[in-house]
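# An overview of the molecular structure
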Amino acid sequence: MKVIDWLATQFDHETKTTRRHLERLPNDKLDWRPHEKSTPMGGLASHLANLPSWAGHVLGRDSLDIAPPGEPPMRTTPAT
């Protein structure tokens, strides 16, 4: 099996699993945190939903700084 075929198979499997988990997250629990220092569930869900779009950003560059000096890391919390 070629590496690209293996990666595509893994991506399809992980996408289905991630989608199932995101669909089960209740809208009224988006602010829930398992610990006061933890990221809220809505932020984690947003991160998971956006991960597939990172492939182009990561593979198309020599480097990537997700938290440039002097700027806070970008985080969004979805409404639903």
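Each remark here, short or long, concerns the structure printed above.
Heads up: these notes are all about the structure in this document.

Each value, and the rule that gives it
Residues numbered from 1 in each chain as written. Predicted model: local features only at pLDDT ≥ 70, side-chain atom pairs only at ≥ 80, totals over all residues. Heavy atoms only, no water. Helix = DSSP H or I, 4+ residues; strand = E, 2+ residues; numbered from the N terminus. Rg over C-alpha atoms; globule rule 2.2 N^0.38 Å. Buried < 20%, exposed > 50% of the residue type's maximum accessible area, 1.4 Å probe, protein only. Contact = heavy atoms within 4.5 Å. Areas by Shrake-Rupley, 256 points an atom, 1.4 Å probe, with all protein chains shown as cover. Lys, Arg positive; Asp, Glu negative; His and termini not counted. Charge placed at Lys NZ, Arg CZ, Asp CG, Glu CD. Expected span 1.5 Å × (residues − 1). Bend = angle between axes of the 7 residues up to and from the residue. Patch = residues over 30% accessible without salt bridge, like charges linked within 9 Å, V, L, I, M, F, W, Y side chains within 5 Å. Salt bridge = Lys/Arg side-chain N within 4 Å of Asp/Glu carboxyl O.

## With respect to the overall build of the chain
In terms of helices and strands, the chain carries two helices and zero strands. Taking 80 residues into account, the globule formula puts the C-alpha radius of gyration at 12 Å, and the chain, at 15 Å, lies well above it. Expressed as a percentage of the 80 residues in the chain, the buried residues total 10%. Summarising the internal contacts of the chain: among those between residues at least 6 apart in sequence, 48% fall at separations of at least 24. Here the chain displays about 7100 Å² of accessible surface, and carbon together with sulfur accounts for 57% of that area. Here the chain contributes 10 positive and 10 negative side-chain charges, whose respective centroids are spaced 5 Å apart.

## What to know about helix α2 (residues 41-59)
Spanning 19 residues, α2 covers 28 Å between terminal C-alpha atoms, matching the ideal 27 Å at 1.5 Å per step. The principal kink in α2, of about 50 degrees, is found at P52. Within α2, burial applies to G42, G43, A45 and S46. On the buried face of α2, the contacting elements are α1 (3-24).

## What about a nonpolar patch on the surface?
Together, M1, V3, I4, W6 and L7 make up an exposed nonpolar region whose accessible area comes to about 610 Å². Tracing the backbone through its elements, the reader meets W6 in helix α1. For W6, a relative accessible area of 46% puts it in the partly exposed group.

## Quick notes on the environment of W54
Topologically, W54 is positioned in helix α2. The partly exposed category is assigned to W54, whose relative accessible area is 30%. Setting aside chain neighbours within four positions, we find W54 in contact with L64 and I66.

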